[in-house]
Amino acid sequence: MLEAKVIVIEPTESEANALQALLRFLDLEPILVRNLAELRESAHCNTPDCLAVIVRRETVNALGSGLVAQLRGMRQPLPVICISADGLPKIAESSGDLAWFQLETPVKQRRLSSVLHQAQNVRSGHPTQPGTHRFRPSGASRAMRAVHRLIEQVAPFDTNVLILGESGTGKEMVARHVHELSGRAAHPFVPVNCGAIPADLLESELFGHEKGAFTGALSTRLGRFEFAEGGTLFLDEIGDMSLQMQVKLLRVLQERTFERVGSNKTIRCNVRIIAATHRDLDAAIVAGRFREDLYYRLNVFPVQMPPLRDRLDDLPVLIEHLAQRQGQSAGRKIQLDSSAMDCLARNRWPGNVRELANLLERLAILFPAQTISAADLPDRYRSAAAWLGSEVRIDARPDTVAETPAFEEPLVAEADSGEVAYEMLDVGAALPRGGIDLKDHMSAIEIGLIRQALEEADGTVAGAARLLRIRRTTLVEKLRKYRLSA
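As the structure is a computational prediction, the values presented were derived from the model and not from experiment.

*Asks:* I keep staring at the packing of helix 17 (residues 438-456) against helix 18 (residues 461-468) and nothing clicks. Help me out?
*Replies:* To describe two helices that pack against each other, one gives the angle between their axes and the distance between the axes. Between helix 17 and helix 18, the shortest axis-to-axis distance is 8 Å and the interhelical angle comes to 125 degrees. Comparing their axes, helix 18 and helix 17 come out oblique. When the axes of helix 17 and helix 18 are compared, the crossing they make is right-handed. Of the residues in helix 18, those touching helix 17 at Leu449, Ile450, Ala453, Leu454 and Glu456 are Ala464, Leu467 and Leu468. Per-class residue counts for the contact of helix 17 with helix 18 are seven nonpolar, no polar and one charged.

Written as structure tokens, this is what we have:
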């Protein structure tokens, strides 16, 4: 489920608390209102990130036509999820312009997740047609065209997908796009951040637990595998999962069965797994932090997300898309003039698309509905661009992985002569006056050592990998990353 808001109309405190707890478990933000006056005053009802209204049948009957009129008066009427054991109320029949969904009592987490997913489809304007492009990653550079092609090829199958790439490159967006293009699009997409959940709680989070299974288990709880039944489970930051949990996940992938914590009842699951990580799993395997058998189970179909610095051609499209989205949510769309665009195009974006989105949000707060120039940008973006512009020229051509038959020479930084320039500082040397991009500097050192190792090994990758004390597959990935020839 998206990070979205849900309006809860509930005057009874105990019922309101129960609904809010369920919604928070699904990573949604409940907005509690107790009557029509509070609903009318709520600023969240007309925002794009508001998903639906949840209300009990008794409350609908009590509010009557006033509730329907209030919902119809919204800029885009919200779907209504009516909690009822006896079908929808009569007033639903006379308000056909509103989307009504019945949620049976007692409310179960799995059913709530499914109904919210249907409401999400209605809210986005395509209730019955999965496979839309709502979550399509932005960009038309060579690198992103290669990613789009891979997504379209793997989406129709139930193949496990492993999305690799630096933090902030949009790995979850890719996972959602694979899901919406698949035959599972009508079922839930359930994300889990394996790095954000403590290791001792992750098993319960994934597989659920029975009442009394451990201290604090006051009731039976479904896990994310059960919520995702028929749909897709997205395991983000899989590289941070503990070895103990890796063993249990491997069994589920092999057997397609699991047990809740504290239960010996086997539950079958029909879930597609998409995993993602920013870590080097090959190195983690060598270090004993990641199981090799699980790696091969997950890495059936890898998708490599390029960092933003390798697809700067997409920068104008990304800025327009992000500015448009922020303008819709807050009514403060900004524009960037050519000086600001040139300045941003000369940055290295270590935080990738997430960093760009955060910058635009900050600018939208500081300069709402204005045109931004280079002088309005934070100092770090202006100073970094000035240093790069005077010392080196960053090649903005996108990555050509999956489109070129062989590795190419790197185009990391070029001097005025056109030759590749790697300016490395000696140990103990003074920091240059204009500063230095540490990431570029370390990359240049790595490229130099790889070149030397290849020369020592007569151009053989396996021999060079032994000299560098890394796995052969790790070296192959670095050759692809820096576009070096073996």
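*Asks:* Where do I start with the sheet that holds strand 1 (residues 5-9) in this structure?
*Replies:* The strands that make up a sheet are held in pairs by hydrogen bonds between backbone atoms, and each pair lies either parallel or antiparallel. The strand order across the open sheet formed by five strands is 2-1-3-4-5, and the pairing between neighbours is parallel. What marks the edges here is a single partner per strand, and that holds for strand 2 (29-33) and strand 5 (100-103). Neighbour-to-neighbour, the strand axes of the sheet open up by a mean angle of 25 degrees, direction not taken into account. Two elements, strand 4 (residues 80-83) and strand 5, share four bridges in a ladder whose sense is parallel. Residue pairing for strand 5: Ile83 is matched across the bridge by Leu103. In the packing of helix 1 (residues 13-25) onto the sheet, the strands contacted are strand 1, strand 2, strand 3 (50-56) and strand 4, and the crossing angle to strand 2 comes to about 160 degrees.

*Asks:* When you look at the confidence of the model for the protein in this model, what are you seeing that I'm missing?
*Replies:* When pLDDT is low, close inspection of the predicted coordinates is not appropriate. This prediction gives the protein a mean pLDDT of 81; 85% of its residues lie at or above 70. In the model, residues 126-132 has pLDDT below 50 throughout and makes 14 contacts with residues more than four positions away in sequence or in other chains. Note on residues 389-425: pLDDT under 50 across the span, and 82 contacts to partners over four residues away in sequence or across chains.

*Asks:* Teacher, can you tell me more about unusual backbone geometry here?
*Replies:* The phi angle of most residues is negative, glycine excepted, and most peptide bonds adopt the trans form. In this model, Thr105 is joined to Pro106 through a cis peptide bond whose omega is -5 degrees. Among the secondary structure elements, Pro106 is positioned in the loop between strand 5 and helix 5 (109-123). Not every positive phi belongs to a glycine, and Glu237 is a case in point at roughly 55 degrees. Position of Glu237 among the secondary structure elements: in the loop between strand 8 (232-236) and helix 10 (243-255).

*Asks:* Would you mind going over the pairing of strand 1 with me for this structure?
*Replies:* Along any regular strand the residues' side chains alternate between the sheet's two faces. Burial of strand 1 is extensive: five of the five residues sit out of reach of the surface. Side chains Lys5, Ile7 and Ile9 of strand 1 all project onto a buried face; the interleaved residues Val6 and Val8 project onto the opposite face, where all are buried too. Here five bridges tie strand 1 to strand 2, and the two strands are oriented parallel to one another. Paired with Val6 across the bridge in strand 2 is Pro30.

*Asks:* Could you clarify how one ought to interpret the pattern of salt bridges in this entry?
*Replies:* Opposite charge on two side chains lets them pair, provided their charged atoms get close. One pass over the full model with this rule turns up 23 salt bridges. Salt-bridge contacts for Arg279 lead to Asp240; the nearest nitrogen and oxygen are separated by 2.4 Å. Highlighted residues: Arg279 in the loop between strand 11 (272-277) and helix 11 (281-286) and Asp240 in the loop between strand 8 and helix 10, separated in sequence by 39 residues. Of the residues examined, Arg279 reaches a relative accessible area of 42% and is grouped as partly exposed. Put simply, Asp293 and Arg291 hold a salt bridge, and the shortest N to O gap is 2.6 Å. With a relative accessible area of 33%, Asp293 lands in the partly exposed category. Through salt bridges that share partners, Glu10, Arg56 and Glu58 make up one connected network.

Rules behind the numbers
- Throughout, a residue's number is its position along its own chain's written sequence, starting from 1.
- Local features in this predicted model are restricted to residues of pLDDT 70 or higher, and side-chain atom pairs are both shown and tallied only at a pLDDT of 80 or more, whereas totals for entire chains, interfaces and linings draw on every residue.
- Side-chain numbers here rest on the full set of heavy atoms in the structure, without hydrogens or water.
- To obtain each axis, a line is fitted to C-alpha atoms, and for helices this fit is confined to the stretch in contact; angles are then taken between N-to-C directions over 0 to 180 degrees.
- Segments assigned H or I by DSSP are reported as helices when at least four residues long, segments assigned E as strands when at least two residues long, and all are numbered from the N terminus.
- The scheme is simple: roughly parallel for angles under 35 degrees, roughly antiparallel for over 145, roughly perpendicular for 65 to 115, oblique for anything else.
- If you view the pair so one helix is near and one far, a crossing is left-handed when the near helix is turned anticlockwise from the far one by less than a right angle, and right-handed when it is turned clockwise.
- In what follows, a contact means two residues having at least one pair of non-hydrogen atoms within 4.5 Å.
- Each residue receives one of three labels: charged for Asp, Glu, Lys and Arg, nonpolar for Ala, Val, Leu, Ile, Met, Phe, Trp, Tyr, Cys and Pro, and polar for the others, Gly being one of them.
- Strands are labelled as partners when DSSP assigns at least two bridges between them.
- As a per-residue measure, pLDDT tells how confident the predictor is, with possible values from 0 to 100.
- Partly exposed describes any residue whose relative accessible area lies between the buried limit of under 20% and the exposed limit of over 50%, with all areas from a 1.4 Å probe on protein chains only and scaled to the type maximum.
- Basic side-chain nitrogens of Lys or Arg form a salt bridge, by our definition, when they fall within 4 Å of a carboxyl oxygen of Asp or Glu.

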